[in-house]
Amino acid sequence: QVQLVESGGGLVQAGGSLRLSCAASLRTFSGYPIAWFRQAPGKEREFEAAISWSGSNTIYADSVKGRFTISRDNAKNTVYLQMNSLKPEDTAVYYCAAVRLGRGIPQESGDYDYWGQGTQVTVSS
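Residues numbered from 1 in each chain as written. Predicted model: local features only at pLDDT ≥ 70, side-chain atom pairs only at ≥ 80, totals over all residues. Heavy atoms only, no water.

S.K.: Describe the overall build of the protein chain, naming the residues involved and giving the relevant values.
M.R.: Regarding its fold elements, the protein chain presents zero helices and eleven strands. Relative to the 2.2 N^0.38 estimate, which gives 14 Å for 125 residues, the radius of gyration of the protein chain is 13 Å and therefore close to what a compact globule would have. Expressed as lengths along the three principal axes of its C-alpha atoms, the size of the protein chain is roughly 40 × 25 × 25 Å. Counting all 125 residues of the protein chain, 44% fall into the buried class. (Helix = DSSP H or I, 4+ residues; strand = E, 2+ residues; numbered from the N terminus. Rg over C-alpha atoms; globule rule 2.2 N^0.38 Å. Buried < 20%, exposed > 50% of the residue type's maximum accessible area, 1.4 Å probe, protein only.)

S.K.: Residues and numbers for the nonpolar core, please.
M.R.: Nonpolar side chains tend toward joint burial in soluble globular proteins. Counting residues in hydrophobic clusters, the biggest one holds 37 residues, and the most contacted among them are Trp36, Leu81, Met83 and Tyr94. In terms of residues, this core owes the most to one element, strand β9 (residues 92-98), which gives five residues. What methionine 83 contacts, discounting residues up to four positions off in sequence, is Gly16, Ser17, Leu18, Leu20, Arg67, Phe68, Tyr94 and Val121. (Core = buried A, V, L, I, M, F, W, Y, C linked by side-chain atoms within 4.5 Å. Contact = heavy atoms within 4.5 Å.)

S.K.: So what about the pairing of strand β5 (residues 46-51)? Which residues, and what values?
M.R.: Where burial is concerned, most of β5 is hidden: five out of the six residues are buried. Pairing analysis gives five bridges linking strand β4 (residues 34-39) to β5, with the strands arranged antiparallel. Within β5, the residue paired with phenylalanine 37 across the bridge is phenylalanine 47. The antiparallel hairpin formed by β4 and β5 contains six residues in its connecting segment, where glycine 42 sits at a positive phi of about 75 degrees. As judged from the three bridges shared by β5 and strand β6 (residues 58-60), these two strands associate in the antiparallel manner. What sits directly across from alanine 50, in β6, is isoleucine 59. Turn length for the β5-β6 hairpin, with the two strands adjacent in sequence and antiparallel, is six residues, and the turn residue glycine 55 shows positive phi of about 90 degrees. (Pairing = 2+ DSSP bridges.)

The values reported here are purely geometric and, on their own, carry no functional implication.
Here it is, written out as structure tokens:
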């Protein structure tokens, strides 16, 4: 069974930065594209960023482009989300998700096979 564990969330002031980590219990971690989604209270889960299995391809939602950076270290079985210039509207629970190789890099939550438990990010104004 695949396990994903997010960490790094917390409370930060607007304009600040956080780095989220997603650690995976996968012997073949390098074979899985990974995405970050977020879900604010009362809202649907939204795609934020994704990275290919090799790290060579990345995709970002327009709302975070230029502020967030996704990266991965396959030797450490970890994907990161560096979040800069945070805004109050970035407040949400952030989830990482993995999809089996061969299905591209989806942006729909329903296309992902494995999910972490989430980490709370709160940005104060």
